[in-house]
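Residue-level listing of the chains:
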Amino acid sequence: MGKKHVEVWEKCLTVIRDNVPYQSYKTWFEPIVPVSLDENILTLQVPSQFFYEWLEEHYITLLKKTIKKELGKEGRLEYSVIIDSSYNDAKPLSVHYPTSDRKATKNKSVSMPIDLNRGKSRDIPNPFIIPGLKKIKVDSQLVDTYSFDNFVEGDCNRLARSAGWAIAENPGKTAFNPLLIYSQVGLGKTHLAHAIGLQVKSNDPDKIVLYVKANEFINQYIDSVRNNNQNDFIHFYQMIDVLILDDIQFLAGKEKSQDVFFHVFNHLHQNNKQIVLTSDKPPVELKGMEPRLLSRFKWGLAADLQVPDLETRISILKKKLYKDGIEMPDEVVEYLAFSITTNIREMEGALISILAQATLNKKAITLELAKQMIDKFVKSTTREISIDYIQKVVCDYFSMPIDLINSKTRKREIVQARQLAMFFAKKHTKSSLATIGLHCGNKDHATVLHACRTVNNLLETDKQFRVYVEDIDKKLKL
Ligand code: ADP
Ligand code: MG
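Quick notes on the rules
- The residue numbering used here restarts from 1 in each chain and proceeds along that chain's sequence as written.
- Here the convention is simple: chains get letters from A, ligands get numbers from 1, in the order in which they are written.
- Since the coordinates come from a predicted model, pLDDT governs what is reported: local features require at least 70, and pairs of side-chain atoms require 80 or more to be given and counted, while whole-chain, interface and lining totals use all residues.
- The basis for every side-chain value is the complete set of heavy atoms in the structure, and neither hydrogens nor water enter the calculation.
- For each residue, the test is whether any non-hydrogen atom lies within 4 Å of the molecule or strand; if one does, the residue is near.
- Within 3.5 Å is the distance limit for a polar contact, defined as a pair of N or O atoms, with the added protein rule that one can donate a hydrogen and the other accept it, and that residues adjacent in sequence qualify only through two side-chain atoms.
- Here a strand is any run of E in DSSP of at least two residues, a helix any run of H or I of at least four, and the numbering for each starts at the N terminus.
- A domain assignment, automatic or from a database, supplies the domain bounds used here.
- Working definition: with a 1.4 Å probe on protein chains only, accessible area under 20% of the residue-type maximum means buried, over 50% means exposed, and in between means partly exposed.
- Here a residue-residue contact requires only that any non-hydrogen atoms of the pair lie within 4.5 Å.
- If DSSP finds at least two bridges between two strands, the strands pair.
- What counts as an axis is a line fitted to C-alpha atoms, over the stretch in contact for a helix, and the angles between N-to-C directions run from 0 to 180 degrees.
- Pairing of aromatic rings covers Phe, Tyr and Trp, the last counted by its six-membered ring, and requires centre-to-centre distances within 6.5 Å; plane angles under 30 degrees mean stacked, over 60 mean edge-to-face, and any other angle means tilted.
- Remark: a charge is flagged as sitting over a ring if the NZ atom of Lys or the CZ atom of Arg is within 6 Å of the ring centre and within 35 degrees of the ring normal.

(A) Local environment of the site of ligand 1. The environment of ligand 1 is made up of 18 residues, and the closest members are V152, G186, T190, H191 and E348. One of the side-chain N or O atoms of N157 is found 3.4 Å from a nitrogen atom in ligand 1. Mapped by element, the contributors of at least two residues to the shell around ligand 1 are α7 (189-203) and α14 (344-360). A domain split of the shell around ligand 1 shows at least three residues from each of domain 2 (158-304) and domain 3 (310-380).

(B) A look at unusual backbone geometry. Following N177, the chain continues to P178 via a peptide bond in cis, the omega torsion being 0°. Counting through the fold element by element, P178 comes out in the loop between α6 (158-169) and β4 (179-182). Although it is not a glycine, D247 adopts a positive phi angle of roughly 60°. Its place among the elements puts D247 in the loop between β6 (242-246) and α10 (255-270). Phi at N442 is positive, roughly 55°, even though this residue is not glycine. Within the element layout of this structure, N442 appears in the loop between α18 (433-439) and α19 (445-461). A relative accessible area of 52% means that N442 is categorised as exposed.

(C) Geometry of the side chain of H5. With respect to the helices and strands, H5 occurs in helix α1 (residues 4-17). Non-local contacts of H5, meaning those with residues more than four positions away in its chain, are made with P34, V35, S36, L37 and L42.

(D) Expanded view of the sheet that holds strand β2 (residues 41-46). Judged by pairing direction, the sheet is mixed, and its three strands sit side by side in the order β1-β2-β3 without closing on themselves. Every interior strand has two partners, whereas the edge strands, β1 (33-38) and β3 (76-81), have only one. Here the strands of the sheet are splayed against their neighbours by 25° on average, with no regard to which way each runs. Two strands pair when backbone bridges link them, and β2 and β3 are joined in this way by six bridges, in the parallel orientation. Within β3, the position partnered with L42 by the bridge is L77. With respect to the sheet, α1 is in contact with β1 and β2, its orientation differing from that of β1 by roughly 115°. Along the sheet face, helix α4 (residues 60-71) touches β1, β2 and β3 and points at about 120° away from the line of β3.

(E) A look at the packing of aromatic side chains. Tallied over the full model, the rule gives 18 aromatic pairs. Note on F265 and W299: the rings are 6.1 Å apart at their centroids and 55° apart in plane angle, and the pair reads as tilted. Of this pair, F265 sits in helix α10 while W299 sits in the loop between α11 (291-297) and β8 (301-304), and the two are 34 residues apart along the sequence. Classification of F265 by relative accessible area gives buried; the value is 0%. Here the basic side chain of R292 rests over the ring of F262, its NZ or CZ set 3.8 Å away from the ring centre.

Right, here's the structure in full:
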């Protein structure tokens, strides 16, 4: 049989790559491993059941087409899911499972290490318990504004958001247990984690939800050791229905805390309680974490949050302004979103300073004011002109809607604007020719190269054109 399946899948991938956005390709197709080709059945291994369902829902037509193209009319596709049957509600799948990849099955009849007696827990001296109430009430520590309603959906967060929504609707009962949300700072992990908790509470106020930062968890544990009430500490955590532990990277190197969390985790998981974790890195990169704990993290779903695209950044700002009842000219909002690209928290910070500046000095919020503020903001974090921004400046210069650049039109003015955008992107960004092409109308690197040559030629021969280029260049550097 040889490596035929690898070859076939490679060919499929070249087709798929051209038909889905880059980010989706990376998320949904790169992790797929071809396993075998039997007659005309290609078997693909996918990381989880959720993954398989997502492919079926969103990409099945594309997959079918490509497979048929490679294997002929009889071509068929089967999935094998790396599955760890440590969750109880796994629906049987109409796909076949590889035996070799199956990890040890969790023994469902394990008895609980600690018998939970809620009546007793009332006396637990825990900072989160509101005293004086008959029924145990845990203050969830959730922030109301971090709701799903206020969380803008985009390609950058679609997987994490939908998984989050799914578990909020059905805590502890889906395959995503634990759900691990990871990303760099300022991209919405904490917000999403709260949103899940809030949604659970709104569906069922009796559910005990607790949001806690990992370093708080560690400190509480240390206190409990000091006060000699570790059992109470553990008991408390074991009665939670939905435990949200934020920034678990802080557990790294803290063996004792990891150990106690391991016990809490096992107890909750065995009792179908939901666990939500966030981290600033993917599980594989979490150093200083006990392997047995890391392997638990991999039981569910690890979903990342990416840097949001321009459109999403604009929606986030607009939503925030709307929520706060503030009006701001669109061009200011867009300028903000164009200029700050990698951290939503920073973008919101800039928004707040513009508002403050305008209010304090009783100035109108204008583009001019925004530029002054943002320059202060962004210069310190080394501003790089983005391809998006270049397109915006070029299109504004020719009073042309920005989406035309990415359209298939071959109209002269538009082709020229597109070529200029490519030329400036080459000049001012570190992006590769391929990336520039991808963002300017989905062209290949040769087209970008050609554009740069054309612009350079025109610069030498056409005076008017040279004026355009110089003007735009000035605007870009403003
Ligand atoms: P992290 O925990 O990843 O560092 P946060 O959850 O604290 O990031 O998010 C930073 C800020 O960005 C918060 O004010 C949050 O409300 C906002 N934010 C992040 N993602 C979104 C989104 N998709 N929609 C709306 N606001 C968002
Ligand atoms: Mg956070």
